[in-house]
Amino acid sequence: MKVSVWMSAYNHGKYISQCLDSVLNQKTDFDFEIILGEDCSTDRTREIAIEYKNKNPEKFKLYLPEKNIGMMEMDIATWNLCTGEYIALLNGDDYWTDENKLQTQVDFLDNNPDAVMCYHKAKVENETTGYVFDTVYPESGEELTAEYLLLGYNPVMTPTVMIRNIISVPDYYKDLPYGDMPLYLLLSQKGKIKYIDRLMSLYRIHPSGQWQGESVYNNLLKDIKFYE
């Protein structure tokens, strides 16, 4: 398998169909799988995910715990289901805006063996205010270093990321407040993180989001826990 699309969803019933359609509509010259963990939502997220799997059984691996296990435990459980050479990150409330996104990033990593991860430009939409803007990053191909990440600001939007499937999730991962930053830091020890200057994803800010739905104070507490 060339690519595993690594997804989690919780109470994303409003968004999940658009998200999954954006994956299934990808045009590629390789096979890809969708690994989706659904964490006992109180809305129709699980029902919708099962409907998509029933229509596309060859594409989906669903992880459906009987009770809510939380974001970090879900990440660990679904990570081990990813068999692809590369892993593309996506959450159920975001979506891809370019049907060639997977092909573009696979070609980039195939042609840049020193890169262990690539990310790209995203459109960010604040559902509460209606404000929409494009992320601004450095020149295409420029490296994102661990030193920059440790300054305290993560510039990488989750739905823009593709990584090489070359690391294991450590035991301490489940005790961390979030998973994206430690994943990037672990990868940065294996090679380079590079940027593709192309708009291919939309990232949503909304009140029920795992990060954006929290208060600034609570997110600061998460950062303190991570650095500790």
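Check the entry above for the structure.
Residues numbered from 1 in each chain as written. Predicted model: local features only at pLDDT ≥ 70, side-chain atom pairs only at ≥ 80, totals over all residues. Heavy atoms only, no water.

What is the right way to look at the pairing of strand β1 (residues 3-9) in this model?
Along any regular strand the residues' side chains alternate between the sheet's two faces. Burial runs high along β1: 7 of the 7 residues are buried. Neither face of β1 is exposed, since Val3, Val5, Met7 and Ala9 on one face and Ser4, Trp6 and Ser8 on the opposite face are all buried. Bridge count between β1 and strand β2 (residues 32-38): 7 bridges; the pairing is parallel. Its bridge partner lying in β2, Ser4 is registered against Glu33. Between β1 and its parallel partner β2, the chain crosses via helix α1 (residues 16-24), and the hand of that crossover is right-handed. Direction of pairing for β1 relative to strand β4 (residues 86-91): parallel, over a ladder of 6 bridges. Its bridge partner lying in β4, Ser4 is registered against Ile87. (Buried < 20%, exposed > 50% of the residue type's maximum accessible area, 1.4 Å probe, protein only. Helix = DSSP H or I, 4+ residues; strand = E, 2+ residues; numbered from the N terminus. Pairing = 2+ DSSP bridges. Right-handed = clockwise from strand over helix to strand, strands pointing away.)

Before we go on, may I ask you to explain the environment of Leu176 in this structure?
The topology assignment puts Leu176 in the loop between β9 (162-164) and α6 (180-188). We classify Leu176 as buried; its relative accessible area is 15%.

Honestly, unusual backbone geometry in this entry has me stumped. Any pointers?
Most peptide bonds take the trans configuration, and most residues that are not glycine carry a negative phi. Not every positive phi belongs to a glycine, and Asn11 is a case in point at roughly 55°. Relative to the assigned elements, Asn11 resides in the loop between β1 and α1. Within the chain, Cys40 stands out as a residue other than glycine whose phi angle is a positive 55°. Here Cys40 is to be found in the loop between β2 and α2 (45-55).

Looking at this model, I keep getting lost on the nonpolar core. Mind explaining?
The tendency in soluble globular proteins is for nonpolar side chains to be buried side by side. By size, the foremost hydrophobic cluster in this structure holds 28 residues, and its most contacted members are Val3, Val5, Met7, Phe32, Leu102 and Met162. If you list the elements that add at least two residues to this core, you get β1, α1, β2, α2, β4, α4 (101-111) and β6 (115-126). Contact partners of Leu102, with chain neighbours within four places excluded, come to Val3, Val5, Gln26, Thr28, Phe30, Phe32, Ala88, Trp96 and Met162. Within the second largest apolar cluster, 27 residues are counted, among which are Trp6, Ile163, Tyr184 and Tyr195. (Core = buried A, V, L, I, M, F, W, Y, C linked by side-chain atoms within 4.5 Å. Contact = heavy atoms within 4.5 Å.)

What's the story with the packing of aromatic side chains in this structure? I'm lost.
Two measures describe an aromatic ring pair: the distance that separates the ring centres and the angle between the ring planes. This structure, assessed with the given rule, holds 2 aromatic pairs. Both rings, one in Tyr119 and one in Tyr195, keep their centres 5.4 Å apart while their planes meet at 50°; by these two values the pair is tilted. Of this pair, Tyr119 sits in strand β6 while Tyr195 is found in strand β10 (residues 192-205), placing the two residues 76 residues apart along the sequence. Note on Tyr195: relative accessible area 0%, which makes it buried. Sitting over the ring of Phe32, Lys59 keeps its end group 3.5 Å from the ring centre. (Phe/Tyr/Trp six-rings, centres within 6.5 Å; stacked < 30°, edge-to-face > 60°. Lys NZ or Arg CZ within 6 Å of the ring centre and 35° of its normal.)

Mind showing me how you'd approach the side chain of Ser4 here?
Here Ser4 lies in strand β1. Separated by 3.1 Å, the side chain of Ser4 and the backbone nitrogen of Thr83 make a polar contact. Leaving out residues up to four positions away in the same chain, Ser4 has contacts with Glu33, Ile35, Cys82, Thr83, Gly84, Tyr86, Ile87 and Ala88. (Polar contact = N/O pair within 3.5 Å; in protein donor to acceptor, adjacent residues only side chain to side chain.)

So yeah, pure geometry; function would need other evidence.
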